[in-house]
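Okay, here's what each chain looks like letter by letter:
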Amino acid sequence: MNFLDAKAAPSREDRLQASIAFGGTCGQVKTCKQAVSQGCTNLSSRRFTMTQGCQFTLSLAILNTLRNAVIIMHGPVGCGTCSTANIGQNKTFKQLRDPNSEGLIWISTNLGEADVIGGGEKKLREAVIYADREFRPETIIVANSCVPALIGDDIDTILTELQKETAAVIMPVHCEGFKTKLMATAYDAVYHGVLKKYVRPPDRNVPLWEPEEKKLRESYRKSRNVNVLNVGSMSRADEVELRRLLEALGLNVTFIPCYAEPEDFQYALETSLNVSICGTHDDYFVGHLEEKYRIPFMVDTIPIGRRNTSVWLQKIAERFGLEQEAERLIEAENALLDEALEPYRKQLSGKRVYIAGGEVRILATAEVIQDLGMEVVGFKAHHYDRFVEPVFEALKNIDTVLFSVATNQPFEMSNILNRLKPDVLITHVGGNNIAAKHGLPLFPLFGPAHNYCGYSGVFEIARRLNKTVRNFEFNRQIARNTALPFKKSWYEQEPFSYIKYV
Ligand code: SF4
C-alpha cells in the first residue's frame, strides 16, 4: 500500500471492493464477500435511493476533534454546517483531554454562483491568511468539497504557496463528496492529509553524553509503547477503560488521531505497535505507517463485547510475549462481569433486537446482545467490506439472520422494521428520526459521552439498555401521534426490491 504520492486517497469502492447495497442474510453476505472479486456485492447499487452519505461530513467527524487546529471548509456554506450540531460537545470532549483546549473553530469560504464561474482561489487565500492571523493555530486544515473540485481549484498549489506566509502547518484534505458513494473513504482522505503533513519524526536530539542506563531505560519504554487508534465515536470513558486494560499488561498507551494535537503524531512514531480499534477506520493509516516507518500494526476485532475484547487483548499480548498475563487478566475481568450482568440478563433475556450502523460496530454490539440472552433479528450496515470477518467470529447462530447494507436509506429500514417487529432498535446516533416513529425503545449504537468499549463497556451497555427498555413512553407517544412518511403499498413490497446487483 502506498498512495501517498497521489494527491488524494483512492475511493474504497476501488481499494477495498466495498459495497453499499445488499439485502439477504448474514450467511449470504459472508459468501458474497468471498466472491467479491466476481462482483457479487462490490458494484451493487439501487434503482431508487432516498439518501446518500457524503465523505466530506464524515471527514469532519475526525478533523473536528484535532486540537489546536482551524478547519476551513472550502465550498458552499451548506457543506459542513452539520458541525453546528456538535460544537458544545466538541469543546467538552477536547477539554476532557486538555482543560485549556479551544472549542471547534471553522471557517467556510462560502462559494457562490460567481465563484463557480470565476473560481474559489481568492476566497481560499483570504480564509487561510485570516485563520492564521486571527487564531494563531498550529494547523490549518482545508477540507475540499465538491464545488472547488468540479470547477478545478488547484488547492494543493495554492496551499503550498501559502505555506510560506503562514506560521501554521496547512493540511489539505481531499474529501469531496461526489467522488465516492462509500462514506468511509473519508477516513482514508483524512489519514492521507495527516500522513503527509502531521506525521514526522520528533524534533529532538539525544545528547551524546546521555548516560547509557538512561538510554536503555528509554529504549525499554519505547519497546512497550502502543498507539491505540481511537475513533470519533469513542468516549473518554472508553479510552480510560482500554488504557486500564493495556496498562495492566505493562504497556504504555497513546491515543491518536482523535482529540490529539500535532505533537502527539510525532511522538507516536516512537512506538512498537499500532493497534486498530476498527479496521474500517484505520487500515489506510497503519498500513502506511508500516510501509514508511516500519512500525508493525494489528487490525483485528474491535474491543466491544467481552469475547471481542478478550481476543483484542490476547492478540496485542502475543506481540509482547505477555500471553499468560493477558489470560489472567481476561479471566478476572470475565468473572467480575458475569456477576455484574446477572440482574440485567433476567430483565433483558428473550427480547428481539435490530441493530443498524457501521458494519464492525453493529456486529460487535450483537455480541453483547447475545451475551445478555437477547436475540438479534437483523442488521443494517452502512457498507460492507473485509473488516467484518473477525467480528462475525464472536457471534453464534447468525447465518440466517437478516443482513442489509444501506447507507441510510430509511425507507428500506422502515419496511424491514415493519416485518421483523423487533422489541428494541439499536441504531446510529442521528438516524433515529424515522426509527422513533415505529414506537420502539431506541438505544444509541454509540455515544461519545458513554462507555461502550472493554469489559466496563459491556456492563454500561447492559445497564443503560435495561433503562431504555423499561421506559420508552416518549417513542410510543411519537408513534401514536405522527405518521411514517411511506405509503402502505411500500410495506407490501419486498424491502430490497430496488437493489441492483452487477
Ligand atoms: S456532497 Fe459535496 S456539495 Fe454535498 S455536502 Fe458533500 S461535499 Fe458538499
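Being a predicted model, the structure only gives us computed values, none of them experimental.

A. How the structure looks around the packing of aromatic side chains. Counted by the stated rule, this structure contains 17 aromatic pairs. When the ring of Tyr130 is compared with that of Phe135, the centres are 5.9 Å apart and the planes differ by 90°; the resulting orientation is edge-to-face. Connected via pairs of aromatic rings, a cluster forms that spans Phe48, Phe411, Trp490 and Tyr498. The side chain of Arg97 reaches across the aromatic face of Tyr259, ending 4.0 Å from its centre.

B. Region of the structure containing the state of the cysteines. Evaluated as defined, the whole model comprises zero disulfides. Sulfur of Cys82: no disulfide; nearest cysteine sulfur belongs to Cys54 and is 8.0 Å away.

C. The arrangement of the sheet that holds strand β13 (residues 402-406) in detail. Taken together, six strands build an open sheet; the order of strands is β1-β13-β12-β11-β14-β15 and the sheet is mixed. Strands at the two margins of the open sheet, each flanked by one partner only, are β1 (21-25) and β15 (442-444). Adjacent strand axes in the sheet meet at a mean angle of 15°, parallel and antiparallel pairs treated alike. Relative to β15, strand β14 (residues 424-427) runs parallel, the two being bridged by three bridges.

D. Here's a closer look at the domain arrangement of the protein. Parsing the protein into structural domains produces domain 1 (54-180 + 182-197), domain 2 (212-325) and domain 3 (345-500). Counting residues at the interface gives 20 residues for domain 1, matched by 20 residues for domain 2. Of the roughly 1900 Å² buried where domain 1 meets domain 2, counting both sides, 62% is carbon and sulfur surface. A per-residue breakdown of the area domain 1 buries against domain 2 is headed by Arg97, Tyr191 and Leu195, which together make up 37% of the total. Across the pair Glu261 and Arg67 runs a salt bridge, and its minimum N-O distance is 3.4 Å.

E. Quick look at the sheet that holds strand β10 (residues 297-298). Taken together, the four strands give an open sheet; going across it, the order is β8-β7-β9-β10, and neighbouring strands pair in parallel fashion. With one partner strand each, in any of the chains shown, β8 (252-256) and β10 form the two edges of the open sheet. Along the sheet, helix α11 (residues 236-248) makes contact with β7 (225-229) and β8, crossing β8 at roughly 150°.

Thresholds, definitions, all that
Residues numbered from 1 in each chain as written. Predicted model: local features only at pLDDT ≥ 70, side-chain atom pairs only at ≥ 80, totals over all residues. Heavy atoms only, no water. Phe/Tyr/Trp six-rings, centres within 6.5 Å; stacked < 30°, edge-to-face > 60°. Lys NZ or Arg CZ within 6 Å of the ring centre and 35° of its normal. Disulfide = S-S within 2.5 Å. Pairing = 2+ DSSP bridges. Helix = DSSP H or I, 4+ residues; strand = E, 2+ residues; numbered from the N terminus. Axes fitted to C-alpha atoms, helices over the stretch in contact; angles between N-to-C directions. Domains from an automatic or database assignment. Contact = heavy atoms within 4.5 Å. Buried area = accessible area lost by both parts, 1.4 Å probe. Salt bridge = Lys/Arg side-chain N within 4 Å of Asp/Glu carboxyl O.

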